[in-house]
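# Structure at a glance
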Amino acid sequence: MDLSFSPEDAAFREEVRRFIDENYPENLKGKLDEGEEWSKEDYLSWHRILGRKGWVAPAWPTEYGGPGWSATQRYIFSEELARADTVPILPFGISMVAPVIYTFGTPEQKARFLPRILSGEDWWCQGYSEPGAGSDLASLRTKAERDGDHYVVNGQKTWTTLAQHADWGFFLVRTDASVKAQEGISFLLIDMKTPGITVRPIITLGGEHEVNEVWLENVRVPVENRVHEENKGWTCAKFLLAHERTGIAGVARSKRGIEKLRAIAATELDGDRSLIENPFFKRKLAELEIDLAALEFTELRGLAALAAGKPPGAESSLLKIKGTEIQQRITELTLEAVGHYGAPWFRGFGDSDNEHAIGPEYALRAAPTYFNMRKTSIYGGSNEIQRGIIAKMVLGL
Amino acid sequence: MDFSYTETQTMVRDTLARFLADRYDHETRMKISRGDGWSPDIWKAFAEELGILAAPFAESLGGLGGGAVENMIVMEELGKALVLEPYLSTVVIGGGFARETGRTDLVESIIAGGVTTAFAWAEPKGRFDPANITTSAKRSGSGWTLSGHKAVVRDAPFASHLIVTARTGGGQREQAGVSLFLIENGAKGVVRRDYPTADGGRASEVYFENAEVPGEALLGETDGAFPLVSRIIDEATTALCAEAVGVLRELHRQTQDYAQQRKQFGQPISKFQVLQHRMVDMFMEAEQAASMALMATLKLPDPAAVSMAKAKIGKGLTLSGQEAIQIHGGMGMTDELAIGHYFKRATMIESQFGNTDWHLQRYEALAFGEAA
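This write-up is about the structure you can find in this document.

About the thresholds
- Residues numbered from 1 in each chain as written.
- Chains lettered and ligands numbered in written order.
- Predicted model: local features only at pLDDT ≥ 70, side-chain atom pairs only at ≥ 80, totals over all residues.
- Heavy atoms only, no water.
- Contact = heavy atoms within 4.5 Å.
- Buried area = accessible area lost by both parts, 1.4 Å probe.
- Salt bridge = Lys/Arg side-chain N within 4 Å of Asp/Glu carboxyl O.
- Polar contact = N/O pair within 3.5 Å; in protein donor to acceptor, adjacent residues only side chain to side chain.
- 1 Å grid on protein atoms, 1.4 Å probe; cavity = no way out; pocket = protein on both sides within 12 Å on 5 of 7 lines; lining within 4 Å.
- Points joined across faces, edges and corners; volume = space filled by probe spheres on them.
- Helix = DSSP H or I, 4+ residues; strand = E, 2+ residues; numbered from the N terminus.
- Nonpolar A, V, L, I, M, F, W, Y, C, P; charged D, E, K, R; others polar.
- Core = buried A, V, L, I, M, F, W, Y, C linked by side-chain atoms within 4.5 Å.
- Buried < 20%, exposed > 50% of the residue type's maximum accessible area, 1.4 Å probe, protein only.
- Arc of directions from axis to C-beta.
- Axes fitted to C-alpha atoms, helices over the stretch in contact; angles between N-to-C directions.
- Parallel < 35°, antiparallel > 145°, perpendicular 65-115°, else oblique.
- Left-handed = near helix turned anticlockwise from the far one by under 90°.
- Expected span 1.5 Å × (residues − 1).
- Phe/Tyr/Trp six-rings, centres within 6.5 Å; stacked < 30°, edge-to-face > 60°.
- Lys NZ or Arg CZ within 6 Å of the ring centre and 35° of its normal.

### Description of the interface of chain B and chain A
- With 50 residues of chain B in contact, the opposing surface of chain A contributes 53 residues.
- Here chain B and chain A share an interface that buries about 4,100 Å² over both sides, 60% of which is from carbon and sulfur atoms.
- Per-residue buried area on chain B facing chain A is highest for Arg 127, Gln 326 and Met 333 of chain B; these three make up 19% of the total on that side.
- Put simply, chain B and chain A have four salt bridges between them.
- Here Asp 272 of chain A ties to Arg 173 of chain B by a salt bridge, and the two come within 3.7 Å at their closest N and O atoms.
- Applying the counting rule to chain B against chain A returns 22 residue pairs in polar contact (both at pLDDT 80 or more).

### A closer look at empty space enclosed by the protein
- The full count for this structure, using the stated rule, is four cavities of 30 Å³ or more.
- The space that makes up the largest cavity amounts to roughly 520 Å³.
- Leu 88, Arg 154, Asp 155, Arg 345 and Gln 352 of chain B are the residues nearest the centre of the largest cavity, which is lined by 32 residues in total.
- When contributions to the lining of the largest cavity are tallied by element, the ones reaching two or more residues are helix H4 (68-80), helix H5 (87-100), strand E3 (143-154) and helix H10 (338-351) of chain B.
- Residues of the lining of the largest cavity, tallied by class, amount to 18 nonpolar, six polar and eight charged.
- Looking at the second largest cavity, its volume works out to about 160 Å³.
- Along the walls of the second largest cavity sit 14 residues, with Leu 44, His 47, Leu 90, Asp 122 and Trp 123 of chain A positioned nearest its centre.
- Elements with a contribution of two residues or more to the lining of the second largest cavity: helix H2 (40-53) and helix H4 (91-104) of chain A.
- Class assignment of the residues belonging to the lining of the second largest cavity gives a composition of 10 nonpolar, three polar and one charged.

### A few points about the nonpolar core
- Among the nonpolar cores identified, the biggest contains 124 residues, and Phe 46, Tyr 87, Phe 97 and Phe 119 of chain B are the most heavily contacted of them.
- With 15 residues, helix H7 (residues 226-261) of chain B is the single largest residue contributor to this core.
- Not counting residues within four places of it along the chain, the set of residues in contact with Phe 119 of chain B comprises Ile 93, Phe 97, Val 153, Ile 163, Thr 165, Leu 180, Val 229, Ile 233 and Phe 353 of chain B.
- With 70 residues, the next largest nonpolar core counts Trp 38, Ile 94, Tyr 151 and Phe 170 of chain A among its residues.

### Re helix H6 (residues 104-112) of chain B
Residues and elements named next belong to chain B.
- Residues of H6 that are buried include every one of Leu 106, Val 107, Ile 110 and Ile 111, and no others. Down the axis of H6, the smallest arc covering the buried residues is 135 degrees, so these residues share one side.
- Buried positions along H6 lie against helix H3 (40-50), H5 and strand E5 (178-184).
- Of the residues trailing H6, Gly 113 is marked for its positive phi of about 90 degrees.

### Looking at the packing of H7 of chain B against helix H9 (residues 303-328) of chain B
Residue and element names in this part refer to chain B.
- Two elements in contact, H7 and H9, have axes whose closest approach is 9 Å; the angle formed by their N-to-C orientations is 25 degrees. Comparing their axes, H9 and H7 come out roughly parallel. Judged by the twist between their axes, the crossing of H7 over H9 is left-handed. Seen from H7, the contacting residues are Asp 234, Thr 237, Thr 238, Leu 240, Cys 241, Ala 244, Leu 248, Leu 251, Gln 254, Thr 255, Tyr 258 and Ala 259; seen from H9, they are Pro 303, Val 306, Ala 309, Lys 310, Ile 313, Gly 316, Leu 317, Ser 320, Gly 321, Ala 324, Ile 327 and His 328.
- A per-class count over the contact of H7 with H9 returns 14 nonpolar, eight polar and two charged.

### Quick look at helix H11 (residues 356-368) of chain B
- An ideal rise of 1.5 Å per residue puts 18 Å on 13 residues; H11 of chain B measures up with 18 Å between its terminal C-alpha atoms.
- For H11 of chain B, the set of buried residues is Thr 356, Asp 357, His 359, Arg 362 and Ala 365 of chain B.
- Elements in contact with the buried residues of H11 of chain B: helix H8 (279-307) and helix H9 (315-337) of chain A together with H7, H9 and H10 of chain B.
- Residue Gly 369 of chain B follows H11 of chain B closely and has a positive phi angle near 80 degrees.

### Some details on the packing of aromatic side chains
Residues and elements named next belong to chain A.
- Taken as a whole and judged by the stated rule, the model has 28 aromatic pairs over all chains.
- Ring centres 5.7 Å apart and planes at 85 degrees place the aromatic pair Tyr 43 and Trp 123 in the edge-to-face group. Of this pair, Tyr 43 sits in helix H2 while Trp 123 is found in the loop between helix H5 (107-119) and strand E1 (124-127), placing the two residues 80 residues apart along the sequence.
- Taking relative accessible area as the criterion, Trp 123 reaches 6% and is therefore assigned buried.
- With centroids separated by 5.3 Å and ring planes inclined at 90 degrees, the aromatic side chains of Phe 104 and Phe 239 adopt a geometry described as edge-to-face. You can see Phe 104 sitting in helix H4 and its partner Phe 239 sitting in helix H6 (residues 233-242), a full 135 residues away along the chain.
- Linked through ring pairs, Phe 113, Trp 124, Tyr 128, Trp 168, Phe 170 and Phe 187 together constitute an aromatic cluster.
- In this structure, Arg 13 packs its charged tip against the face of Phe 5, placed 5.3 Å from the ring centre.
- Over the ring of Tyr 151 we find Arg 146, and its NZ or CZ is 5.5 Å from the ring centre.

Structure, rendered in structure tokens:
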């Protein structure tokens, strides 16, 4: 039993840390704290830098361009990215569609799509949820009908993250309505520029445009863009869910969040002391840190099991539930810490001149971030669904 | 014991509810929010068609002979419709100060709808303590000169007058040495930065840059206004608790409606026991909030009861707001649905006039005899 990382892993951590220090673009540092949002170019610029280094796809097999890291190294890498508060590497291409393509795709599909995902040339989005199919994803109704060597796709997807930037999307569609729901679904890769696709923004509680509705009307998709066999799409979807889960708990990002929260609470005054000296607030911070330690060591236990060659189990549901609860709690306490200055809304209405910070800069995004982070216990399989998975798969209930 | 409303009280509630259903639906509310942040037409209707601006005042002041119960009734209805107009700032707070200082003229102007007030009490470094004041007022000739910065003054962008706490003596956190001023908004030396708030209202940072105000701007006693300030803040907090009841009832109602319509796995999601229990919790929070708002109202001016109510309701607001979004799922995250706006208002009420922790600590100090 040993708590420490090996000297090789420690050296690896140093290497990663140095690379980030020396290469992370200056103009992206602290951007979110100043009330701005990540642009498409922001995401891509860091993607390309990591791509050139060969580090953008940590979990990919080396034959497709992965770095050949161990599970521990991948963990360290994601921890260092979070520590430095970098713009995230979006999962849709690198860690969602690519593993499906290299696991189930044809040699032609691999050659065509994987290099462009690695380089950042293609931006991917995920066409899963529908207005009537959220938690009950298998009830999806967007249908694809064969017409010669094409599918003709009709239907509506929703909550499609950053589809406004997307070149390609991977879609679950119904190809057979006569069988059990899960057995009539196929996995299609669709060029987002195909005629018949309309992307409409959905504005969320923090005023963000992160998600979209995607309407598909007689969209013609070449049959060669189907991954895996017809009606085997649910296999791809399930594989994707159980696949790469490193970082799902968001431990490192939460550590960073708590550091910022501590700094805010040390700055905010509560009478003749700082807020962090208020026993009520201090107690809540302490509980949060304890919860995070429990999450971290649960994740490390999983990591150690994985490193010892054991297959990943349903503990990813535990990591998702507890990880998102902690992320939400951090934003809740941050909003509480900033007091009155949680109320000013940093986005002016329309052309209002509300461009300069009201109150301290760290208060600027406290409310919108609290609102926005409510999504984390809803998306990616809601926390109710995740508890259902544990009840069924782990407890056997 | 009798908690039933009088005929007049029932009429006030029903007329207001009907008016808001007809003239203040969610779409209208959002239009007002994105426009000027309040509607002078609605305010005029409150004054002239409904007469609710007169509800909590004695007949001798030109009112309908009501008091805190009337404020409670009105505020709960305003909470249900997320009304943006400044009833709390003007009628409860401005009217409260006017009543207590014998300013019949001011009460009359408020009832008529001509005067609206915003209450400038909080300061950037004062957190929730109304005695933590650095804004100063110094005598100059027959008047006063004010200097300082007031934080997040709700409704200040459009109010006709500001009510300002300032230090005429004493140290930064002392209760002695606090005075109160009624100042015309836009007076010379009063500088505002206006902005929208997270719950769709309006507020300002207000800076007094050697603002010269006349002697008659003083409300109440020089140096001795703190007990009055504290009392009116308690009345305001109690009214805010009643608004919270309206918000909590709507969070529950709208969530239950949605859950009964939304089908997944072949049935309405309201059939899942795990969600049923959580909606029951939301219902219980609303009921307990109604009880606490009533208790605080009937016990005014008991500060311990006010802090008990605000602390209890603050927790309920957090729980119900979060559950409402969670049970709505993705739809709850959209700006388009009303539920998100109830969640935002619930979140803001939690910290208005002191958050849950602040009122818990205040209650502890009052109930266990610690120094506050």
